[in-house]
Amino acid sequence: MTEEKVDPRTYDPSMAEQGWAVLGKESAFTRMVFQNRWNRQRFKETRQQQVFEKSRQLFLTDEKIEEYEQAAVLDKATGLYNSRSFKKKLHYELKRAKRYKRPLSLLILSIDRMDEIRRQYGLLAQDEVMKAAADIVKGAIRDVDIACRSNADQLAVIFPETYSSRAIVVSDRVREKLKSSPVSADLRGLAVTASIGVVSYPTHARDGVDLLNMALDFLVVARKQGGDQIYSG
């Protein structure tokens, strides 16, 4: 009489202990073989389950991917492009301006007395002030204009195909709106002003680094002249 074969995937070691007839007269060696096969199968199944669970945890929805992508390019407090994105955008737009022989303007806005605001109201006030300024900037520019948070207390706007005269008009609109609007409900009594430097390609500079440095220099001039004003050379 031949011994009945047993599928190791369904084998339970307790079967041997109970002396089930399905195993017939099995030796200690047979029990060891089946035990090893069963252990290997259980290990394989456990491993597969672990891999599946890990893959499920790592699986990202489209919404989650978009969230991570935005976090890489946007400033969390203001929703504007962050400083790294600003440099890339400026390089790209200046390259286009050179290729098509079109003007480009850039403004750098800095909140006046930011150190004093931080000392008086705390670090969290900085982000609230910058968010308020960013909202005003977004409401004043076109869809094609590119607003960024270029520094802790600075915002920048790139104006493609725009002469400095129009950038100055927008800058003045932002400056006036900022000093006449409350920052937030908690900082309603805080009066905020800004100094702004405006430059354009190719009038002030033909290179991205030079253009940015000149905008920062003009910003310093506006501050030294008392703040709450625009300087464009």
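Preceding this paragraph is the structure being described.
Predicted model only: the values in this text are computed from it and were never measured. (Residues numbered from 1 in each chain as written. Predicted model: local features only at pLDDT ≥ 70, side-chain atom pairs only at ≥ 80, totals over all residues. Heavy atoms only, no water.)

### Overview of the packing of aromatic side chains
- All told, the structure shown has 1 aromatic pair when counted by the stated rule.
- Each ring, one from Phe-218 and one from Tyr-231, has its centre 5.1 Å from the other, and the planes form 85°; the classification is edge-to-face. Remark: Tyr-231 occurs in strand β5 (residues 230–231) and Phe-218 occurs in helix α8 (residues 208–224); sequence separation between them is 13 residues.
- According to the relative accessible area criterion, Phe-218 is buried, its value standing at 11%. (Phe/Tyr/Trp six-rings, centres within 6.5 Å; stacked < 30°, edge-to-face > 60°. Helix = DSSP H or I, 4+ residues; strand = E, 2+ residues; numbered from the N terminus. Buried < 20%, exposed > 50% of the residue type's maximum accessible area, 1.4 Å probe, protein only.)

### Focus on the sheet that holds strand β2 (residues 146–151)
- Across the sheet, which stays open at both edges, the 5 strands sit in the order β2-β3-β1-β4-β5 with mixed pairing between neighbours. Among the strands making up the open sheet, the edge pair consists of β2 and β5.
- With respect to the sheet, helix α6 (residues 123–140) is in contact with β1 (104–111), β2 and β3 (154–160), its orientation differing from that of β3 by roughly 20°.
- Relative to strand β4 (residues 194–201), helix α7 (residues 164–180) is tilted by about 165°, and along the sheet it contacts β1, β3, β4 and β5. (Pairing = 2+ DSSP bridges. Contact = heavy atoms within 4.5 Å. Axes fitted to C-alpha atoms, helices over the stretch in contact; angles between N-to-C directions.)

### Comments concerning the environment of Ile-136
- Residue position: Ile-136 is located in helix α6.
- On a C-alpha basis, the gap between Ile-136 and Arg-173 in space is 9.1 Å, while along the polypeptide they are 37 residues apart.
- Those residues in contact with Ile-136 that sit more than four places away from it in its chain are Val-174, Lys-177, Leu-178 and Ser-181.

### Thoughts on the pairing of β3
- The buried fraction of β3 amounts to 7 of the 7 residues, a majority that puts the element mostly inside the structure.
- For β1 and β3, the ladder comprises 7 bridges, and the chain directions are antiparallel. Note that in β3 the partner of Leu-106 across the bridge is Ile-158.
- As paired elements, β2 and β3 share 5 bridges and run antiparallel to each other. Paired with Ala-147 across the strands is Val-157, a residue of β3.
- Between β2 and β3, which pair antiparallel one after the other, the connecting turn spans 2 residues.

### Topic: the environment of Gly-79
- Examined against the element boundaries, Gly-79 turns out to sit in the loop between α3 (62–73) and α4 (83–100).
- With 56 residues separating them along the chain, Gly-79 and Asp-135 place their C-alpha atoms 9.0 Å apart.

### Description of the packing of α6 against α7
- Between α6 and α7, the shortest axis-to-axis distance is 10 Å and the interhelical angle comes to 140°. Judged on the interaxial angle alone, α7 and α6 are oblique. Relative to α7, α6 is oriented so that their crossing is right-handed. Across the interface between the two elements, Ala-133, Ile-136, Val-137 and Ala-140 from α6 touch Val-170, Arg-173, Val-174, Lys-177 and Leu-178 from α7.
- Looking at side-chain class alone, the contact of α6 with α7 contains 7 nonpolar, no polar and 2 charged residues. (Parallel < 35°, antiparallel > 145°, perpendicular 65-115°, else oblique. Left-handed = near helix turned anticlockwise from the far one by under 90°. Nonpolar A, V, L, I, M, F, W, Y, C, P; charged D, E, K, R; others polar.)

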